[in-house]
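# Per-entry structural report
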Amino acid sequence: MSEHNCLFCQILDGHIPANIAYEDERVMAFHDIAPQAPIHILIIPKQHIATINDFTEEHQDLLGYMILTAQKLAQELGVAEDGYRLNFNCNRLAGQTVFHTHLHLLAGRPFSWPPG
Ligand code: 5GP
Ligand code: ZN
C-alpha cells in the first residue's frame, strides 16, 4: 500500500530518516522537520490515504486511533493538561502540502483562535 512517490510512505519504509516518537502496526508519529511549536509531531496512518476526504466508514477505527495516539503522546510529553492543538489540513485552501494524511500535534506555546 506504500506509494513510491509519497514522502511519508518513504519515511514509513525507512528510506527517508525521521525522528520517530511512536510506532506500532497501524500508525507512526514523528517530529515535524519544520516545527511550528516547541512540540510539533505528525501522526500518520501506515496505510497511504491521501487526504481526510479519502477516509470512509471502514477507516473509522483508524481515524479514532490516530487521535488517541496524539492524546497519549500529549500525556507522555506532559502537555495534556496545559493544552495542545490537533489539526488536519485538507487540500489547497487549508495548506496541505504532503498528500498522505497526517494529524498535527502542536504544543508548548499558546495558540490563537481563529487560526490564520
Ligand atoms: P501539511 O502542510 O501538509 O499539513 O503539513 C506537512 C508537514 O510536513 C509540514 O509541517 C512540514 O514541515 C512537514 N514535513 C515536510 N517534509 C518533511 C520531512 O521530510 N520530514 C518531516 N519530519 N516533516 C516534513
Ligand atoms: Zn503515502
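Before going into details, it helps to say that this report is about the structure given with it. Quick caveat, the model's predicted, so the values are computed rather than measured. Every chain begins its residue count from 1, and numbering advances along the sequence as written. Note on labels: chains are lettered from A, ligands numbered from 1, in written order. Local features in this predicted model are restricted to residues of pLDDT 70 or higher, and side-chain atom pairs are both shown and tallied only at a pLDDT of 80 or more, whereas totals for entire chains, interfaces and linings draw on every residue. To obtain the side-chain values, all non-hydrogen atoms of the structure were included, while hydrogens and water were left out.

## Concerning the sheet that holds strand β5 (residues 103-107)
What the five strands build is an open sheet, ordered β1-β2-β3-β5-β4; its pairing is antiparallel. In this open sheet, the two strands that pair with only one neighbour each are β1 (20-23) and β4 (84-87). Recorded for the sheet is a direction-independent mean angle of 15° between the axes of neighbouring strands. Both β1 and strand β2 (residues 27-31) contribute to a ladder of three bridges, which runs antiparallel. Bridge pairing links Ile-20 to Phe-30 in β2. The strands that helix α2 (residues 60-76) touches are β1, β2, β3 (39-45), β4 and β5; relative to β3, the one it contacts most, it runs at about 155°. Strands are labelled as partners when DSSP assigns at least two bridges between them. To qualify as a helix, a DSSP run of H or I must reach at least 4 residues; to qualify as a strand, a run of E must reach at least 2; elements of each kind are numbered from the N terminus. Angles here are taken between N-to-C directions and fall from 0 to 180 degrees, while the axes themselves are lines fitted to C-alpha atoms, restricted in helices to the stretch in contact. Contact criterion: two residues are considered in contact whenever any of their non-hydrogen atoms come within 4.5 Å of each other.

## Comments concerning the packing of aromatic side chains
For this analysis, a ring pair means two rings from Phe, Tyr or Trp (six-membered ring only for Trp) whose centres lie within 6.5 Å, classed as stacked if their planes differ by under 30 degrees, edge-to-face if by over 60, and tilted for the remaining angles. Throughout the structure, instances matching the rule amount to one aromatic pair. Their ring planes at 80° and their centres at 5.2 Å tell us that Phe-8 and Phe-30 sit as a pair that is edge-to-face. Placement of the pair is Phe-8 in helix α1 (residues 7-12) and Phe-30 in strand β2, with a sequence separation of 22 residues. Only protein chains enter the area calculation, which uses a 1.4 Å probe; residues under 20% of their type maximum are buried, those over 50% are exposed, and those in between are partly exposed. Overall, the relative accessible area of 5% leaves Phe-8 in the buried class. Taking relative accessible area as the criterion, Phe-30 reaches 3% and is therefore assigned buried. For Arg-26, the ring lying beneath its charged end belongs to Tyr-65, and the centroid distance is 3.7 Å. Only Lys NZ and Arg CZ are tested; either one counts as a charge over a ring when it is within 6 Å of the ring centre and within 35 degrees of the ring normal.

## Concerning the layout of surface pockets
Points on a 1 Å grid over protein atoms alone make up a cavity when a 1.4 Å probe fits among them but cannot get out, and a pocket when they form an open set with protein on both sides within 12 Å along at least five of seven lines; lining residues each have an atom within 4 Å of a point. Grid points are joined across faces, edges and corners, and a volume is the space filled by probe spheres set on the points. One number sums up the size of the largest pocket: a volume of about 700 Å³. Taken together, 31 residues form the lining of the largest pocket, with Asp-32, Gln-36, His-40, Leu-42 and His-104 sitting closest to its centre. Going through the elements one at a time, α1, β2, β3, β4 and β5 are the ones with two or more residues in the lining of the largest pocket. By residue number, the principal contributor to the lining of the largest pocket is α1, which donates three residues. Class assignment for the residues of the lining of the largest pocket results in 15 nonpolar, 13 polar and three charged. Gly is put with the polar residues, along with every residue not named as nonpolar or charged; the nonpolar set is Ala, Val, Leu, Ile, Met, Phe, Trp, Tyr, Cys and Pro, and the charged set is Asp, Glu, Lys and Arg.

## Some details on the coordination of the zinc ion (ligand 2)
By definition of the ideal shapes, four donors in a tetrahedron about a metal sit 109.5 degrees apart, and six donors in an octahedron sit 90 or 180 degrees apart. Those protein atoms acting as donors to the zinc ion (ligand 2) are Cys-6 (SG), Cys-9 (SG), His-48 (ND1) and His-100 (ND1), and they sit at 2.0 to 2.3 Å. Given four donor atoms and angles of 106 to 117° at the metal, the environment of the zinc ion (ligand 2) is assigned as tetrahedral. One chain supplies every donor for the zinc ion (ligand 2), spaced along it as C-x2-C-x38-H-x51-H. In this pair, His-48 is assigned in the loop between β3 and α2 and His-100 in the loop between α3 (91-94) and β5, connecting sequence segments 52 residues apart. Overall, His-48 belongs to the buried group, its relative accessible area being 18%. Taking relative accessible area as the criterion, His-100 reaches 0% and is therefore assigned buried. Note that water is not among the atoms considered, so a metal site may appear incomplete; the donors listed are N, O and S atoms within 2.8 Å of the metal, with 3.2 Å applied to Na, K and Ca. Labels for metal geometry use angle windows, namely 85 to 135 degrees for all angles of a four-donor tetrahedral site, and for square planar (four donors) or octahedral (six donors) sites opposite donors over 155 degrees apart plus all others within 65 to 115; sites meeting none of these are irregular.

Interpretation note: all reported values are geometric properties and have no functional meaning in isolation.
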